[in-house]
Amino acid sequence: MLLDKPTETAERRVPLYRRPGFLRALSPLVLLLVWQLASTSGWIPPRKLPAPSAVLDAGLETYRSGQLTEALLVSGQRALYGFALGAVLALVLGVLAGLSKIGEYAVDPQLQMIRTIPLFGLIPLFIIWFGIGEEPKVYLIALGVFFPLYLNTFAGIRQLDPKLLELGSALHLGLAERLRLLVLPGALPQILVGARQSLGIAWLSLIVAEQINASAGLGFVVNNAREFLRTDIVVFGLVVYSLLGLLTDSIVRLLERRALRWRPTVNR
């Protein structure tokens, strides 16, 4: 705790225009300004791409009608269930394949074959198997989440220092203790990278999954707006998807900073 105070004090002394948060927000703000100017000057046809101000008005309209809150709850639930299912399977199978050659030979070849199948090409098969309810949507998200986290977990374990595993043997640690004290902490940086990638794919998969006969959620709002040629609401829905992805990525980045404070590069 004492080591963190000088760092926090130094961060407070940094001018606003040099802080990472301000610099990261600068380019999106410039892009919005250019977009607004191009739309208001007529360079971009409003029916093709409405101005940010029109998209904001559409968002306020959707919010006041109550559609936005309901859609966020439904879509968030789908993304959460899909991510949880895919992440648990990825961690279990990644650890199994990473810890032993037998596990790798038993698990990895089949998974690499499935990984080469286009995710969105599985939609017709998922509909045949699971119908048009919530199951195919959740399973499609879980499948998209699975592979980045599995590959990073597997790579993180295989890149561990062999001396760590020798230490576990020397201390006569059981399998559960090795996983908790040595393997997972050592592979955690790579696992968190996989988690960030998986969260991004979770929202991409959600966009496609909600095209499967959705009667609620952000996908339903976007599809309904498309039928009535409400491009402003369609763009607003896509912006909401991107903001949700940015929010979840920021949460993982915060967890990364806290969990990996021992790494000097994390706080740069």
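Residues numbered from 1 in each chain as written. Predicted model: local features only at pLDDT ≥ 70, side-chain atom pairs only at ≥ 80, totals over all residues. Heavy atoms only, no water.

Brief notes about the side chain of E104
- Here E104 is to be found in helix α5 (residues 101-115).
- Using a relative accessible area of 15% as the deciding quantity, one classes E104 as buried.
- Aside from chain neighbours lying at most four places away, what touches E104 is L96, A97, P109, F154 and R158. (Helix = DSSP H or I, 4+ residues; strand = E, 2+ residues; numbered from the N terminus. Buried < 20%, exposed > 50% of the residue type's maximum accessible area, 1.4 Å probe, protein only. Contact = heavy atoms within 4.5 Å.)

Some words on the confidence of the model for the chain
- Chain-level pLDDT for the chain is 81 on average; 85% of the residues reach the 70-or-more range.
- Note on residues 1-5: pLDDT under 50 across the span, and 1 contact to partners over four residues away in sequence or across chains. (pLDDT = per-residue confidence, 0-100.)

Points about the packing of α5 against helix α7 (residues 135-158)
- The interhelical angle for the contact between α5 and α7, taken along N-to-C directions, is 145 degrees, at an axis separation of 12 Å. Helix-helix and strand crossings are classified by hand; for α5 and α7 the assignment is left-handed. For the pair α5 and α7, the contacting residues are K101, E104, V107, D108, L111, Q112, I114 and R115 in the first and L143, F146, F147, Y150, L151, F154 and R158 in the second. (Axes fitted to C-alpha atoms, helices over the stretch in contact; angles between N-to-C directions. Left-handed = near helix turned anticlockwise from the far one by under 90°.)

As for the pattern of salt bridges
- Overall, the coordinates contain 7 salt bridges when judged by the stated rule.
- In this structure, R230 and E61 form a salt bridge, with 3.1 Å as the shortest nitrogen-oxygen distance. Taken as a pair, R230 in the loop between α10 (218-227) and α11 (231-259) and E61 in helix α3 (residues 52-64) lie far apart in primary sequence, 169 residues in all.
- Classification of E61 by relative accessible area gives partly exposed; the value is 40%.
- Between E104 and K101 there is a salt bridge, and its shortest N-O distance comes to 3.7 Å. Taken as a pair, E104 and K101 lie in helix α5 at a separation of 3 residues, close to a single helical turn.
- Overall, the relative accessible area of 48% leaves K101 in the partly exposed class. (Salt bridge = Lys/Arg side-chain N within 4 Å of Asp/Glu carboxyl O.)

Regarding the packing of aromatic side chains
- Per the stated rule, a full pass over the model turns up 7 aromatic pairs.
- Seen in terms of ring centroids, F126 and W129 are 6.3 Å apart; in terms of plane orientation they differ by 25 degrees. Their pairing is stacked. Taken as a pair, F126 and W129 lie in helix α6 (residues 123-130) at a separation of 3 residues, close to a single helical turn.
- When its relative accessible area of 8% is taken as the criterion, F126 is described as buried. (Phe/Tyr/Trp six-rings, centres within 6.5 Å; stacked < 30°, edge-to-face > 60°.)

Some remarks on α10
- For α10, the full list of buried residues reads L218, G219, V221, V222, N223 and A225.
- Packed against the buried residues of α10 are α3, α4 (67-99) and α11.
- Within two residues after α10, L229 carries a phi angle of roughly 60 degrees, on the positive side.

Re unusual backbone geometry
- Despite not being glycine, L229 has its phi angle at roughly 60 degrees, a positive value.
- The class for L229 is exposed, based on a relative accessible area of 59%.

Structural notes on a nonpolar patch on the surface
- Residues L85, L89, L125, I128, W129, F130 and Y139 make up a contiguous nonpolar surface patch of roughly 660 Å² in combined accessible area.
- For the nonpolar patch, the elements supplying multiple residues, two or more each, are α4 and α6.
- Among the elements that take part in the nonpolar patch, α6 stands out by supplying 4 residues, more than any other.
- Judged by relative accessible area, which is 43%, L89 ranks as partly exposed. (Patch = residues over 30% accessible without salt bridge, like charges linked within 9 Å, V, L, I, M, F, W, Y side chains within 5 Å. Areas by Shrake-Rupley, 256 points an atom, 1.4 Å probe, with all protein chains shown as cover.)

Here's the deal with the environment of L73
- By secondary structure assignment, the location of L73 is in helix α4.
- Take L73: its relative accessible area is 61%, and that puts it in the exposed class.
- Sequence separation of L73 and G217 is 144 residues, and the distance between their C-alpha atoms is 7.5 Å.

Looking at the nonpolar core
- Formed by 48 residues in total, the largest nonpolar core has its most connected members in L140, Y150 and L218.
- Taken together, the elements giving at least two residues each to this core come down to α3, α4, α5, α6, α7, α9 (175-209), α10 and α11.
- When residues of this core are assigned to their parent elements, the largest contribution, 10 residues, is made by α7.
- Apart from residues no more than four positions distant in its own chain, L218 is found in contact with L68, A71, L72, S75, E210, V240, Y241 and L244.
- Residues L192, L199, V252 and L260 belong to the second largest nonpolar core, which totals 5 residues. (Core = buried A, V, L, I, M, F, W, Y, C linked by side-chain atoms within 4.5 Å.)

Regarding the environment of L122
- The residue L122 is located in the loop between α5 and α6 in this model.
- Using a relative accessible area of 12% as the deciding quantity, one classes L122 as buried.
- Spatially, the C-alpha atom of L122 lies 9.8 Å from that of P136, the residues being 14 residues apart in sequence.
- With residues up to four places along the chain from it excluded, the contact list for L122 reads I117 and L143.

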